[in-house]
Amino acid sequence: MFTQTVFTTMAFIIWAGIAVLPGETFAGSPEPELILQAQNRDPLPYWMTRLESQASLSQSATDQVTLAQAYLQLARQPGWSRYFDRAQQLLKNVQQPSSAAYWLALADSAQQQHQFQDALNYLDKVQKLQPNDINALLMKNRIYLVQNNTEAALTECKKLLGQQELFLLTLCSLEVTGRQGKAQDSYKALQLLARQQHTVPLAQQQWLLAVLAEQAEALQQPKQARAWLEQLLFAPESQLAPLPLWVKWADLTLQQDAAVVYQKLQLLHQKQPLEDALLLRLALAEQHQGVEQHHQQLMQQRVLLREQRQDTLHSADLAHYYLRLKPDQQKALYYARLNYQQAQEPDDHQLLTMALEQLQQNIAPFVQSGELP
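Rules of the game
- Residues numbered from 1 in each chain as written.
- Predicted model: local features only at pLDDT ≥ 70, side-chain atom pairs only at ≥ 80, totals over all residues.
- Heavy atoms only, no water.
- Helix = DSSP H or I, 4+ residues; strand = E, 2+ residues; numbered from the N terminus.
- Buried < 20%, exposed > 50% of the residue type's maximum accessible area, 1.4 Å probe, protein only.
- Contact = heavy atoms within 4.5 Å.
- Areas by Shrake-Rupley, 256 points an atom, 1.4 Å probe, with all protein chains shown as cover.
- Expected span 1.5 Å × (residues − 1).
- Arc of directions from axis to C-beta.
- Salt bridge = Lys/Arg side-chain N within 4 Å of Asp/Glu carboxyl O.
- Lys, Arg positive; Asp, Glu negative; His and termini not counted.
- Polar contact = N/O pair within 3.5 Å; in protein donor to acceptor, adjacent residues only side chain to side chain.
- Axes fitted to C-alpha atoms, helices over the stretch in contact; angles between N-to-C directions.
- Parallel < 35°, antiparallel > 145°, perpendicular 65-115°, else oblique.
- Left-handed = near helix turned anticlockwise from the far one by under 90°.
- Nonpolar A, V, L, I, M, F, W, Y, C, P; charged D, E, K, R; others polar.
- Phe/Tyr/Trp six-rings, centres within 6.5 Å; stacked < 30°, edge-to-face > 60°.
- Lys NZ or Arg CZ within 6 Å of the ring centre and 35° of its normal.
- pLDDT = per-residue confidence, 0-100.

Novice: Please clarify how the overall build of the protein chain should be interpreted in this entry.
Specialist: Helices and strands together make up the secondary structure of the protein chain, namely 19 helices and 0 strands. When burial is assessed residue by residue, the protein chain has 56% of its 373 residues classed as buried. A fraction of 61% describes how many contacts in the protein chain between residues 6 or more apart in sequence connect residues 24 or more apart. As displayed, the protein chain has an accessible area near 17200 Å², and 49% of this comes from carbon and sulfur atoms.

Set out below in structure tokens:
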């Protein structure tokens, strides 16, 4: 039954969703006037059209919540972020106070907008209805990691011990251990876990490989980090890989092989107009290639529009834009600081550090000469 499928994939989707943050519509999603009219866009997946038909025919609150969960799932894949709005609208129109699925979907929506306290409150409601709900537990773990509260995150992991979820317990704990500065040991254990696990669901495979990539990068092994991600992104199921994995892969690959990044992201963009995070990487690859300026110009339009709207929720993209595509050290630091107020994961810390370093390098000559820039 599809409802079960949504819940079995939710654990990873919760992990992936943190990096894809919605704004007034969905931060980073293409504005209607900026969408390229690609002729060969992918149609809506069959499973989604089937759910829409079912929800339309039954008009039941349960089916509406299931459809909202499916929209949230689809919205995390490159090019589909506009479906986050549809999920939000469904949840506004549906009231199911006795449904754990309803509160879980609300929590998922809230955490994507960095409304972490609201998300935690919703998760408390889930756990009152279903005390052993694994998805609620893992979402709490993810929120605590984003807030850099590793002790609280590990506490949530340990609750899996009583539920005989050995794989999830191990993976959850090793991810936290790596964040606590013990990546050398946790990375070895993760590699062993990867060799032993061949039949876990796709969502759990994605989570495992994403954590392996993160810890390989932390250990200064960018090529290995890239290789872990390519097991997902170059596989037949790559269309199911969430946006943050594509973003991380592009960042790891740009300096070594901008042509591959350009080719892969251009193919995605031809299917569906990309969100700002990936369009920015496509524009950077285009800049490296020196082939044209089409995607750079489109990215500039999107940034100008977001600044006019004072849309800062997805400020990491703006910081990267002013660090890497159109250098402006002061704006980069401004947006990097805003981003760090919202999320404090390793990439967020690295972004803030890069912005600080570039600004210091820019003003150093003036400081030495006694002049102000």
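Novice: Please clarify how helix α9 (residues 166–179) should be interpreted in this entry.
Specialist: Three- or four-residue spacings in an α-helix give side chains the same orientation, since the helix completes a turn every 3.6 residues. When the terminal C-alpha atoms of α9 are compared, their 20 Å separation across 14 residues agrees well with the 20 Å that a helix rising 1.5 Å per residue should span. Judged by how many residues are buried, α9 sits mostly within the fold: 11 of 14 residues are covered. Buried within α9 we find Phe-167, Leu-168, Leu-169, Leu-171, Cys-172, Ser-173, Leu-174, Glu-175, Val-176, Gly-178 and Arg-179. Where α9 ends, the next residue or the one after it, Gly-181, has phi of about 90 degrees, a positive value.

Novice: Explain helix α14 (residues 258–271) here, please?
Specialist: The terminal C-alpha atoms of α14 lie 20 Å apart, and with 14 residues this matches the ideal 20 Å at 1.5 Å per residue to within 8%. Listed in full, the buried residues belonging to α14 are Ala-258, Val-261, Tyr-262, Leu-265, Gln-266, Leu-268 and His-269. Down the axis of α14, the buried set is contained in an arc of 160 degrees. They therefore lie on one face. Buried residues belonging to α14 abut α13 (243–253), α15 (276–289) and α16 (294–308).

Novice: I'm lost on the pattern of salt bridges in this one. Help?
Specialist: Opposite charge on two side chains allows them to pair when their charged atoms are near. Under the definition given, this model contains 17 salt bridges. Residue Arg-306 pairs with Asp-317 through a salt bridge whose shortest N-O separation is 3.9 Å. Of this pair, Arg-306 sits in helix α16 while Asp-317 sits in helix α17 (residues 315–325), placing them 11 residues apart in sequence. A single burial state applies to Arg-306 and to Asp-317, both of which are buried. The partner of Lys-331 in a salt bridge is Glu-307, and the shortest N-O contact between them spans 3.7 Å. Here Glu-307 lies in helix α16 and Lys-331 lies in helix α18 (residues 329–342), a separation of 24 residues in the sequence. Overall, Lys-331 belongs to the partly exposed group, its relative accessible area being 33%.

Novice: How do you make sense of the environment of Gln-330 when you look at a structure like this?
Specialist: Within the fold, Gln-330 resides in helix α18. Placed 28 residues apart in sequence, Gln-330 and Gln-358 show a C-alpha to C-alpha distance of 9.2 Å.

Novice: What am I meant to see in the side chain of Glu-275 here?
Specialist: Note that Glu-275 resides in the loop between α14 and α15. Notably, Glu-275 is buried but unbridged: the nearest opposite-charge side chain belongs to Arg-82, and the N-O separation is 6.1 Å. Side-chain polar atoms of Glu-275 contact the backbone nitrogen of Gly-79, separated by 2.8 Å.

Novice: Just checking my understanding: could you explain the packing of helix α3 (residues 61–75) against helix α5 (residues 100–112) for this structure?
Specialist: In a packed pair of helices, the relevant descriptors are the angle between the two axes and the axis-to-axis distance. In the contact formed by α3 and α5, the axes pass within 9 Å of each other and the chain directions differ by 30 degrees. Considering the angle they form, α3 stands roughly parallel to α5. Once α3 is placed against α5, the crossing between them reads as left-handed. Of the residues in α5, those touching α3 at Val-65, Gln-69 and Leu-72 are Ala-101, Tyr-102, Ala-105, Asp-108 and Gln-112. Broken down by class, the residue content of the contact of α3 with α5 amounts to 5 nonpolar, 2 polar and 1 charged.

Novice: When you look at the environment of Gly-181 in this model, what are you seeing that I'm missing?
Specialist: Its place among the elements puts Gly-181 in the loop between α9 and α10 (183–196). Looking at Gly-181, the relative accessible area reads 67%, which means it is exposed.

Novice: I keep staring at the packing of aromatic side chains and nothing clicks. Help me out?
Specialist: Pairs of aromatic rings are described using the distance from one ring centre to the other and the angle between the two planes. Applying the stated rule across the entire model yields 9 aromatic pairs. Through a chain of ring-to-ring contacts, three or more aromatic side chains come together here, namely Tyr-321, Tyr-322, Tyr-334 and Tyr-335. The side chain of Lys-125 reaches across the aromatic face of Trp-103, ending 5.0 Å from its centre. When the ring centre of Phe-234 is taken as reference, the NZ or CZ atom of Lys-264 above it lies at 4.3 Å.

Novice: Is there a simple way to think about the packing of α13 against α14 in this case?
Specialist: It is the contact of α13 with α14, at a shortest axis distance of 9 Å, that shows an interaxial angle of 155 degrees. Considering their axes alone, α13 and α14 lie roughly antiparallel with respect to each other. The way α13 lies across α14 gives a crossing that is left-handed. Contacts between α13 and α14 involve Trp-246, Trp-249, Ala-250 and Thr-253 on the former and, on the latter, Ala-258, Val-260, Val-261, Lys-264, Leu-265 and Leu-268. Here the residues of the contact of α13 with α14 sort into 8 nonpolar, 1 polar and 1 charged.

Novice: Whenever I open this one, the confidence of the model for the protein chain confuses me. Can you help?
Specialist: Residues shown with low pLDDT carry predicted positions that ought not to be read at fine detail. Here the protein chain averages 87 in pLDDT, and 86% of its residues register 70 or above. Taken as a whole, residues 1–27 scores under 50 in pLDDT and shows 84 contacts with residues more than four places along the chain or in a different chain. The low-confidence segment residues 35–40, where pLDDT is below 50, has 11 contacts with residues more than four positions distant or belonging to other chains.

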